[in-house]
Amino acid sequence: MTNLTQAQYRPSPVVLTGKAVLSGIGRVMPAEWYQRFYLAVDRLYRGGVRSLYLRRWCSAALRGDAATRDRARAVFTVMPHSLVGWSGLEATYDAVTTINREKLAGSIVECGVAQGGCALLMALTDQRQQGHRPFWLCDSFEGLPDPTAEDYEGGATGSHASPLVRGSCLGTIEQVSELLFNRHGLDRSRVTLVQGWFQNTLPGHAAAMGPIAILRIDADWFESVKCCLDNLFDLVVPGGFVIIDDYGSCFGARKAVDGFLGARGIPVTLVHDRRGGCCFRKAA
């Protein structure tokens, strides 16, 4: 797999400074005011990042670098609909490209869909590469549940500029359906939306999902990530990808992954995406 770094996740000084400033403002500003302020700042930030990322697409096109151009075009398309940073989206694109290039069998499963941007990226990439894979997209479609004691370290749940309260990262099933099927014309027969809390839905749907070529977990909390791994990891094919979006940014997600792999004695090389997520390939 290309364009990923083996280095540990280390946020840039700019990111660390920004989070520190926002956290300081959050401590002195009323919660309701801060939430509005944070959403406004976040919209401006994401819009600015997307504008800067457009240069990546244009530069690749001018150089005649078709592979980078196609990846940048796909990432740029979905950025308004995703909470995942551009490097995490690029890493996910690379994973889909790899399994298609290697003709690896299996479905693509995402646990934690939010507004559907990353799911759209994977589906459009697979479609353009003639992968013809089934997609299983699992979410409560009610936002995040409450964290548990396992998610806290030093009174915090991770390196978030804004607290992830119940209902955060919300994307409704209607919103996701509109994006995938109406706006981008995905084949409904290839995409199954599974609505409900993971502990209630995954045990009953797991067998139908397998074999799995990519298992993407964007679930933030310890119990949610652990539930996904417990129910779906064994269905991932040898060489398949397991992507943990929040490994470097949510304490509970990291604890769940480390605990799961450690309990099973599974050695892996975690490949970090430079913005908090990571992935690994399942051994034969």
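> I'd like to hear about the packing of helix H3 (residues 66-78) against helix H5 (residues 117-128), residue by residue, with values.
With their axes 9 Å apart at the nearest point, H3 and H5 run at an angle of 145 degrees to one another. As H3 packs across H5, the resulting crossing turns out to be right-handed. In this structure, H3 uses Arg 73, Ala 74, Val 75 and Val 78 to contact H5, whose residues at the interface are Gly 117, Leu 120, Leu 121, Thr 125 and Arg 128. Residues of the contact of H3 with H5, tallied by class, amount to 5 nonpolar, 2 polar and 2 charged.

> I'd love a proper account of the packing of aromatic side chains, names of residues and values included.
For the structure shown, the criterion picks out 4 aromatic pairs. Taking the ring centre of Phe 76 as reference, the NZ or CZ of Arg 50 above it sits at 3.8 Å. The cationic tip of Lys 282 hangs over the ring face of Phe 233; the distance from NZ or CZ to the ring centre is 4.6 Å.

> Tell me what's going on with the sheet that holds strand E3 (residues 191-195), and back it up with residues and numbers.
Overall, mixed pairing links the 7 strands, which are arranged E3-E2-E1-E4-E5-E7-E6 in an open sheet. Edge positions in the sheet fall to E3 and strand E6 (271-272), since each of these pairs with one other strand and no more. The sheet strands contacting helix H7 (residues 198-209) are strand E1 (107-111), strand E2 (135-139), E3 and strand E4 (212-217), and the helix crosses E2 at an angle near 170 degrees. Along the sheet face, helix H8 (residues 222-232) touches E1, E4 and strand E5 (236-244) and points at about 170 degrees away from the line of E4.

> Tell me about the pattern of salt bridges, and please be specific about residues and values.
Any two side chains of opposite charge can pair, given that their charged atoms come close. For the coordinates displayed, the defined rule picks out 19 salt bridges. A salt bridge links Asp 94 to Arg 71, with the shortest nitrogen-to-oxygen separation between them at 3.0 Å. Residue Asp 94 is found in helix H4 (residues 86-101), and its partner Arg 71 is found in helix H3; the two are separated by 23 residues along the sequence. We note that Asp 94, like Arg 71, is buried.

Here is what the cut-offs are and how they apply
- Residues numbered from 1 in each chain as written.
- Predicted model: local features only at pLDDT ≥ 70, side-chain atom pairs only at ≥ 80, totals over all residues.
- Heavy atoms only, no water.
- Axes fitted to C-alpha atoms, helices over the stretch in contact; angles between N-to-C directions.
- Helix = DSSP H or I, 4+ residues; strand = E, 2+ residues; numbered from the N terminus.
- Left-handed = near helix turned anticlockwise from the far one by under 90°.
- Contact = heavy atoms within 4.5 Å.
- Nonpolar A, V, L, I, M, F, W, Y, C, P; charged D, E, K, R; others polar.
- Phe/Tyr/Trp six-rings, centres within 6.5 Å; stacked < 30°, edge-to-face > 60°.
- Lys NZ or Arg CZ within 6 Å of the ring centre and 35° of its normal.
- Pairing = 2+ DSSP bridges.
- Salt bridge = Lys/Arg side-chain N within 4 Å of Asp/Glu carboxyl O.
- Buried < 20%, exposed > 50% of the residue type's maximum accessible area, 1.4 Å probe, protein only.

None of the figures reported here should be taken as evidence of function without further support.
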